[in-house]
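If you want the building blocks of each chain, they are given just below.
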Amino acid sequence: MDQVWKVYRSKEIEYTAVKGISLTVEKGEFVTILGASGSGKTTLLDLIGTLDSPTKGKVLIDGVDASSLSDRKLSLLRNEKIGFVFQSYNLVPYLNVLENVILPLMVYGKDNEQGIELAKKLLTEVGLGEKMRKKPNELSGGEQQRVAIVRALINKPPILLADEPTGNLDSKTSEDVLRLLARMSKEENITVLMATHDPDLTKLSDRSIYIKDGQIEKDVRMRR
Ligand SMILES: Nc1ncnc2c1ncn2[C@@H]1O[C@H](COP(=O)(O)OP(=O)(O)OP(=O)(O)O)[C@@H](O)[C@H]1O
Ligand SMILES: [Mg+2]
């Protein structure tokens, strides 16, 4: 991100949610984005994920300026490179857990035995081995959240953006999800950006970026 600003404008009011943020994230880094509610974490992830465009400044993905791409090229880039875990889970209500997870594989015709085995393995890893045939409305919020995380990882996207992925989870399940993200980041060289307001969740990440009022307050690299 190069000097990125985001101003939300409605009829009467203007709100500057991101104030000139410059940030470089390396391939394979596991970055936690920390900050109070309203500090700008979701806005930042939406900008990085090219779901929203900056009012000023540039967002570059692998050196490509997102604003230089057509809508079609931009959606191709998102499909190929970015996995999303939204703060709301966006599961498909009429598909069961396993079907929700393998949905992104179908886009590439990779919903074969191997893909289904990976889906089952990851679901088991986050404690959903017994719930694979359930529909989202038969699951708790935390269970739906875990399905959304596995769905975002199934294609092993080069970049994973996760917005409060453990917001609805107890400490043990949070730990499982955190370990899964850290493992995928290391083994598959996936760049992970995870937003949270819980400082405890930084323990497995390589780097913690603290956001306050739309600016970077602190950028800390962990040595391991
Ligand atoms: N569409 C919008 N129009 C106007 N203001 C907005 C809009 N979206 C977000 N904001 C404002 O921008 C600021 C940052 O919002 P953002 O959702 O990025 O915060 P956050 O750090 O993700 O908070 P939380 O931890 O509660 O999810 C907030 O003050 C919010 O009210
Ligand atoms: Mg948010």
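Just above sits the structure.
Cut-offs and rules
- Residues numbered from 1 in each chain as written.
- Chains lettered and ligands numbered in written order.
- Predicted model: local features only at pLDDT ≥ 70, side-chain atom pairs only at ≥ 80, totals over all residues.
- Heavy atoms only, no water.
- Core = buried A, V, L, I, M, F, W, Y, C linked by side-chain atoms within 4.5 Å.
- Buried < 20%, exposed > 50% of the residue type's maximum accessible area, 1.4 Å probe, protein only.
- Helix = DSSP H or I, 4+ residues; strand = E, 2+ residues; numbered from the N terminus.
- Contact = heavy atoms within 4.5 Å.
- Expected span 1.5 Å × (residues − 1).
- Polar contact = N/O pair within 3.5 Å; in protein donor to acceptor, adjacent residues only side chain to side chain.
- Salt bridge = Lys/Arg side-chain N within 4 Å of Asp/Glu carboxyl O.
- Near = heavy atom within 4 Å.
- Nonpolar A, V, L, I, M, F, W, Y, C, P; charged D, E, K, R; others polar.

Quick look at the nonpolar core now. Grouped together as the largest cluster of nonpolar side chains are 36 residues, with contacts concentrated most on Leu123, Leu153, Leu160 and Leu181. At the level of secondary structure, the elements contributing two or more residues to this core comprise α3 (97-107), α4 (113-125), α5 (141-153), β8 (159-163), α6 (171-188) and β9 (191-196). Once residues lying within four places of it in the same chain are set aside, the contact partners of Leu160 are Gly83, Val85, Ala152, Leu153, Leu181, Ile190, Thr191, Val192 and Leu193. Within the second largest apolar cluster, 22 residues are counted, among which are Phe84, Leu161, Ile209 and Ile211.

Next up on the list: α6. Helix length check: α6, at 18 residues, gives a terminal C-alpha distance of 25 Å against a target of 26 Å (1.5 Å per residue), a fit within 8%. Within the span of α6, buried status applies to Thr173, Ser174, Asp176, Val177, Leu178, Leu180, Leu181, Ala182, Met184 and Ser185. Check the buried side of α6 and you find it contacts β3 (30-34), α4, α5, β8 and β9. The N-cap of α6, judged by a side-chain oxygen 3.1 Å from the amide nitrogen of Lys172 a few residues on, is Asp170. Phi for Asn189, located one or two positions after α6, is positive at around 55°.

Okay, unusual backbone geometry next. Of note in this structure, Asp62 is not a glycine but carries a positive phi near 50°. Summarising the element assignment, Asp62 is placed in the loop between β5 (60-61) and β6 (64-65). The phi dihedral of Lys156 is positive, around 45°, even though this residue is not glycine. Along the chain, Lys156 turns up in the loop between α5 and β8. When its relative accessible area of 36% is taken as the criterion, Lys156 is described as partly exposed.

What follows concerns the pattern of salt bridges. The final tally for this structure, using the stated rule, is 14 salt bridges. Here Lys172 ties to Asp176 by a salt bridge, and the two come within 2.7 Å at their closest N and O atoms. One end of the pair, Lys172, and the other, Asp176, are both in helix α6, 4 residues apart, so they sit about a helical turn from each other. With relative accessibility at 15%, the residue Asp176 sits in the buried group.

Taken together, 13 residues lie around ligand 1, and Ser37, Gly38, Lys41, Thr42 and Thr43 are the ones closest in. Residue Ser39 places a main-chain N or O atom 3.3 Å away from an oxygen atom belonging to ligand 1. Between an oxygen atom of ligand 1 and a side-chain N or O atom of Thr42, the distance comes to 2.8 Å. Put simply, the parts of the chain that give the shell around ligand 1 at least two residues each are β2 (14-21) and α1 (41-48). Element by element, the count of residues in the shell around ligand 1 is highest for α1, at 3 residues. Residues belonging to the shell around ligand 1 are distributed by class as follows: 4 nonpolar, 7 polar and 2 charged.

It is worth spelling out the environment of Leu128 at this point. Looking at the element boundaries, Leu128 is found in the loop between α4 and α5. Residues Leu128 and Ala36 lie 92 residues apart in sequence; the distance between their C-alpha atoms is 30 Å.

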